[in-house]
Amino acid sequence: MSFERLIDRRRSDSLKWQKYQDADVLPLWVADMDFAIPWEVTKALRARLEHDIFGYGVLSQSTKQTLCRWLHQRWQVEATPSQLVTLPAVVPGLNFAIEAMACSDIGFFSPIYPPIRQVAQNLDIRGRALEMPLEQGRYRMPLEAIEQAAREGMQALLLCNPHNPGGTIWHARELEALLALSRQYDLLLVSDEIHGDLIMPGNRHHSLSALATEEDAVITLISAGKSFNLAGLPIAFALAKQGEIRRRLKAQLTGRCATHNVLAAVAMEAAFGRCAPWLDELRQYLGQNWGRIEARLGGVDGIRLMKPEATYLAWIDCRGLGWEEEPSKVFTRFGVGLSCGTEFGAPGFVRLNFACPEQTLNQALERMVRALTDHGKRVAG
Ligand SMILES: Cc1ncc(COP(=O)(O)O)c(C=O)c1O
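Here the structure is a predicted model, which means the values were calculated and not measured. (Residues numbered from 1 in each chain as written. Predicted model: local features only at pLDDT ≥ 70, side-chain atom pairs only at ≥ 80, totals over all residues.)

1. Some details on the overall build of the protein chain
Counting its regular elements, the protein chain contains 13 helices and 15 strands. The globule rule puts the C-alpha radius of gyration for 381 residues at 21 Å, and the 21 Å found for the protein chain is close to it. By principal-axis analysis of the C-alpha atoms, the protein chain measures approximately 60 × 55 × 35 Å. In the protein chain, buried positions account for 47% of the 381 residues. (Helix = DSSP H or I, 4+ residues; strand = E, 2+ residues; numbered from the N terminus. Rg over C-alpha atoms; globule rule 2.2 N^0.38 Å. Buried ≥ 20, exposed ≤ 12 C-beta atoms within 10 Å, placed from the backbone.)

If you want it as structure tokens, here you go:
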């Protein structure tokens, strides 16, 4: 397998590449990867196509067992197939979970992945942005703010674990403290763990569901979408160990969305069942890509890099550059399309998706350096 291969995505109806279709801008924004999907997934999909009929499907027991095995081996989570609820994707799952539990007052950390911020607006309920303290280059879980909000009536917290955009892996002790608050204040925890397999070399994911019992009000959202580049294929899961939560979630889903897509299920089973070596190589490659970013942009006066513990997203603090214009706009003019921090609740930041071949990344970094030097910044090398 090669993560160096350049694949032209411009005419492939890709959201990421279509945005700058007719401009010389390298799109490093929305979170999908410019790498070919694992060969084992392609092979499984081709074999399924050979059957010539799709039809309404059922999710096989063996597919669910494959996911449970994965969770056991990679996340130290003990789950049974009956504890899984099938979803069309993670983002709808966040909304359905809050609706199912009839919450009217929810919280989320800020800055955060915009669709998480959006849930309260979608459902027309109260949403509380809980600011995360930044300590020694890492976001800390705002436990005091969570407790305060819970005392004031917050009923649920949408957790992003690992955190997008900060790339933060929540520590087991932070998650234990969060669970204690959940038990004390009857707080529902919905943990979006879509980045749980995209862990930088040397780190490990701590799943909330590894710590939760069948009594706890915890829903964990799981998907192969990010880690195996299967975003857009409609399948994800909610792991809810508590029976009543599971029952309500299933009732909420009934009739509201399609819950099974035969191709998505085949792709997911191949990914979790046979693509662990691919994922481990990917993680090494992403680690090297991060090193390239650090080497090129680290030490630039006015820029602060946050070393991601997980995800393929670099969260870059550009406030020190003192630019009046949004930094993402400046970088776009110089040919690099980044996500704008304001959408995450953090003006002056940009988010760079570094899941692309080295050649693309190097080119993008040179363009960013040009933007900086053009604005009077000295950049080494
Ligand atoms: C934290 C997080 N959750 C969910 C999603 C999207 O998941 P899905 O496509 O399954 O809705 C993303 C995509 O970037 C994400 O970063």
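And the narrative resumes.
2. Focus: the site of the ligand
Among the 13 residues in the neighbourhood of the ligand, the closest are listed as Ala 31, Ala 89, Val 90, Val 91 and Asn 164. Considering only residue class, the shell around the ligand consists of nine nonpolar, three polar and one charged. (Near = placed C-beta within 6 Å. Nonpolar A, V, L, I, M, F, W, Y, C, P; charged D, E, K, R; others polar.)

3. Quick word on the sheet that holds strand β4 (residues 126–131)
In sheet architecture, strand pairing relies on hydrogen bonds along the backbone and comes in two forms, parallel and antiparallel. As summarised here, the arrangement of the seven strands in space is β2-β10-β9-β8-β7-β3-β4, forming an open sheet in which the pairing is mixed. The open sheet is flanked by β2 (84–87) and β4, the only strands paired with a single partner. Recorded for the sheet is a direction-independent mean angle of 25 degrees between the axes of neighbouring strands. Sheet topology places strand β3 (residues 105–110) next to β4; six bridges connect them, and they run parallel. Each residue of the ladder has a partner; that of Gly 107, found in β4, is Arg 128. (Pairing = 2+ DSSP bridges. Axes fitted to C-alpha atoms, helices over the stretch in contact; angles between N-to-C directions.)

4. Structural notes on the domain arrangement of the protein chain
Under the domain assignment used here, the protein chain contains domain 1 (15–38 + 276–374) and domain 2 (42–274). Relative placement of domain 1 and domain 2: their C-alpha centres are 25 Å apart. Contact with domain 1, which involves 26 residues of that partner, is made by 31 residues of domain 2. At the level of elements, α11 (276–297) and β12 (313–317) are the ones that each hand at least two residues to the side of domain 1 that touches domain 2. Considering each element in turn, the side of domain 1 that touches domain 2 owes the most residues, five residues, to α11. Split by residue class, the side of domain 1 that touches domain 2 holds 15 nonpolar, five polar and six charged. (Domains from an automatic or database assignment. Contact = placed C-beta atoms within 7 Å.)

5. Describing unusual backbone geometry
Of note, the bond from Ser 110 into Pro 111 is cis; its omega dihedral lies within 30 degrees of zero at 0 degrees. Along the polypeptide, Pro 111 turns up in the loop between β3 and α5 (114–123). A cis amide bond links Asn 164 to the next residue, Pro 165, at an omega of 20 degrees. Residue Asp 124 is not a glycine yet carries a positive backbone phi of 55 degrees. Note that Asp 124 resides in the loop between α5 and β4. One non-glycine residue, Thr 311, lies in positive phi territory at about 75 degrees. Residue position: Thr 311 is located in the loop between β11 (304–306) and β12. Note on Thr 311: 29 C-beta atoms within 10 Å, which makes it buried.

6. Concerning the nonpolar core
Grouped together as the largest cluster of nonpolar side chains are 122 residues, with contacts concentrated most on Leu 94, Leu 158, Leu 189, Ala 238, Ala 267, Ala 271 and Phe 354. A total of eight residues in this core trace back to one element, the largest contributor, which is helix α10 (residues 262–274). (Core = buried A, V, L, I, M, F, W, Y, C linked by C-beta atoms within 7 Å.)

7. Digging into the pairing of strand β9 (residues 218–222)
For a regular strand, the rule is simple: side chains alternate between the two faces of the sheet. Within β9, five of the five residues are buried, leaving the element largely enclosed by the surrounding structure. Residue alternation in β9 divides its side chains into two sets, Val 218, Thr 220 and Ile 222 and Ile 219 and Leu 221, and both sets are buried. For strand β8 (residues 188–192) and β9, the ladder comprises four bridges, and the chain directions are parallel. Note on β9: the bridge partner recorded for Leu 189 is Val 218. Bridge count between β9 and strand β10 (residues 236–239): three bridges; the pairing is antiparallel.

8. A look at the sheet that holds β12
Ordered in space as β11-β12-β15-β14, the four strands form an open sheet in which the pairing is antiparallel. Two strands bound the open sheet, and with one partner strand each, they are β11 and β14 (339–340). Here β11 pairs with β12 via three bridges, running antiparallel. The residue bridging Arg 304 from the neighbouring strand is Asp 317, located in β12.

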